[in-house]
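# Commentary on secondary and tertiary structure
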Amino acid sequence: NEIKIFSPATVANVACGFDVLGFCLDSVGDEMLIRKIDKKGIFITKVEGFDLPYETELNVAGVSALAMYEAAKPDCGFEIEIYKKIKPGSGIGSSAASAVGSVFGMNELLGRPYNKTQLTEFAIKGEALASKCEHADNLAPAMFGGFTLVKSMSPLEILEIPSPDDLYATIIHPQIEIKTSEARAILPKEVALQNAITQWANFGSLIHALHTSDFELIQRSLNDVIVEPFRSQLIPHYHDVKNEVLKAGALGAGISGSGPSIFSLSKGLKTAMNVADAMKNVYAKTHIDFDIHITKI
Ligand code: HSE
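Throughout, residues of each chain are indexed from 1 in the direction in which the sequence is written. Reporting in this predicted model follows two pLDDT cut-offs: at least 70 for local features of residues, and 80 or more for side-chain atom pairs to be given and counted; totals over whole chains, interfaces and linings ignore these cut-offs and use all residues.

### So, the packing of helix α1 (residues 60–72) against helix α3 (residues 116–131)
For clarity, the threshold we go by: For helices, the axis comes from a line fit to the C-alpha atoms of the stretch in contact; other axes are also lines fit to C-alpha atoms, and the angle between any two N-to-C directions lies between 0 and 180 degrees. Helix numbers and strand numbers start at the N terminus; a helix is a DSSP run of H or I with at least 4 residues, a strand a run of E with at least 2. We call a crossing left-handed when the near helix sits turned anticlockwise from the far one by less than a right angle, and right-handed when that turn is clockwise. This entry defines residue contacts through backbone-placed C-beta atoms, with two residues in contact when those atoms are within 7 Å.
Orientation of α1 relative to α3, taken along the N-to-C sense of each, is 150 degrees, at an axis distance of 7 Å. The element α1 and its partner α3 pack so that their crossing is right-handed. Contact with α1, carried on its side by V60, A61, V63, S64, A67 and M68, involves F122, A123, K125, G126, E127, L129 and A130 of α3 and no other residues of that element.

Below you can see the structure in the form of structure tokens.
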């Protein structure tokens, strides 16, 4: 009657895929315990790691759980314990991990009445509480794993994109907080046609490169001419990190979600580790603390 789950961190946008592309970091994530109880309702009974609200309606995991609960109308209730490892505001899908974890766990305990796309629909409600807008580019990879593309929000359609065997991500998380809602507010509402053309050419070629394991094409596609010019200003030493990881052999780098984390992709673990050192060297010269993760995608 209870299930312990691991809910992974994710990297959204992946340079040229703002709001639609993401990938899963399966070595970093939250743990959650979901328990079926007789008393009806959704109850957050424990939060460890970071200071998050216990009121169900104010808690991201609680809000997505409620959305599913109201649809499923089960003859029971649920308690949720959250062991939060992903720092809120870090840019690696902290709210998405919470939102996905609760509905995934409840679905298992109810005998899987919903598929992963339907579960993601419920999770969108929780994500929206945190970022003040509905987007699923962190939710989808947390739910499905690997690379995912949110083809449409209404109706929700998620495509699973393959990735080459030897592809690794290195992520540095400088310890400053950027709220997704604020990082969205600074973006222009309109983009120049020439930038749009460049961006969708890169996006299409990145998807093609992932399908064909073409590392050289991945390298030439990881560019963002629309969002990065604005958001990079919020991240100290962003351009230094980017320059250094490229020198260390990375295929490319960009802002992870809405930042401040910076992701980079590499072919092979050895390069991913060299990239980690290059990232560290930049922030080690500053007063900003950081942590680093390396994951095979
Ligand atoms: N696509 C979203 C954004 C992800 O960049 O605002 C937020 O983590």
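### Looking at the pairing of strand β8 (residues 252–255)
The test is simple: Between any two strands, at least two bridges found by DSSP are needed for them to pair.
Here four bridges tie β8 to strand β9 (residues 262–267), and the two strands are oriented antiparallel to one another. Bridge pairing in β9 links I255 to I262. Between β8 and β9, which follow one another and run antiparallel, lie six residues, and G257 among them has a positive phi close to 55 degrees.

### Some points on the nonpolar core
Rule in force here: A set of buried residues qualifies as a nonpolar core if it consists of Ala, Val, Leu, Ile, Met, Phe, Trp, Tyr and Cys joined through C-beta atoms within 7 Å. To sort residues by burial, count the other C-beta atoms lying within 10 Å of each one's C-beta; a count of 20 or more means buried, 12 or fewer means exposed, and anything in between means partly exposed. C-beta atoms are built from the backbone.
A65, V100 and L139 are the most contacted members of the largest nonpolar core, which totals 84 residues. For this core, the element with the highest residue contribution is α1, accounting for eight residues. In this structure, A65 is in contact with I42, F78, I80, S102, V103 and M106, ignoring residues within four places of it in sequence.

### Regarding the UniProt feature "domain: GHMP kinase N-terminal" (unreviewed entry) in the chain
Filter applied, for reference: UniProt positions are given in the numbering used here, feature names are shortened, and annotations may be inferred rather than shown by experiment.
As recorded in UniProt, the feature "domain: GHMP kinase N-terminal" (unreviewed entry) lies at residues 66–146. End C-alpha to end C-alpha, residues 66–146 measures 27 Å, and it is 56% helix and 9% strand.

### Concerning the site of the ligand
Going by this rule: Using the backbone to place each C-beta atom, any residue with that atom within 6 Å of a molecule or strand is considered near it. For this scheme, ten residues count as nonpolar: Ala, Val, Leu, Ile, Met, Phe, Trp, Tyr, Cys and Pro. Four count as charged, namely Asp, Glu, Lys and Arg, and the remainder, Gly too, count as polar.
Around the ligand sit A12, N13, F18, D19, H135, D137, N138, T180, A183, R184, G257 and S258, and those are all the residues in its vicinity. With three residues, the single largest contributor to the shell around the ligand is helix α5 (residues 180–185). Among the residues forming the shell around the ligand, the class breakdown is three nonpolar, six polar and three charged.

### Some remarks on the packing of α1 against helix α2 (residues 94–109)
Short version of the rule: Comment on the angle field: the value is read as roughly parallel under 35 degrees, roughly antiparallel over 145, roughly perpendicular from 65 to 115, and oblique elsewhere.
At a minimum axis distance of 8 Å, the contact between α1 and α2 shows a crossing angle of 40 degrees. By the angle between their directions, the pair α1 and α2 is classed as oblique. For the pair α1 and α2, the sense of crossing is right-handed. For the pair α1 and α2, contact is made by V60, A61, S64, A65 and M68 and by S95, S98, A99, G101, S102, V103 and M106, respectively. Residues of the contact of α1 with α2, tallied by class, amount to seven nonpolar, five polar and no charged.

### Some thoughts on unusual backbone geometry
In this chain, S154 is followed by P155 through a cis amide linkage whose omega measures 0 degrees. Cis peptide bonds are those with omega within 30 degrees of zero, and the linkage from G259 to P260 qualifies with 5 degrees. By the secondary structure assignment, P260 is in the loop between β8 and β9. For H237, which is not a glycine, the phi torsion comes out positive at approximately 65 degrees. Along the chain, H237 turns up in the loop between α8 (228–231) and α9 (238–247).

### Details of the environment of E182
Summarising the element assignment, E182 is placed in helix α5. Under the C-beta neighbour-count criterion, E182 is labelled partly exposed, with 14 such atoms within 10 Å. Sequence-wise, E182 and T271 are 89 residues apart; in three dimensions their C-alpha atoms are separated by 34 Å.

### Describing α2
Applicable threshold: A helix is expected to span 1.5 Å for every residue after the first.
The terminal C-alpha atoms of α2, which comprises 16 residues, lie 23 Å apart, in line with the 22 Å expected from a rise of 1.5 Å per residue. Burial within α2 is extensive, with 14 of its 16 residues counted as buried. G111 occupies a position one or two residues after α2 and carries a positive phi of about 85 degrees.

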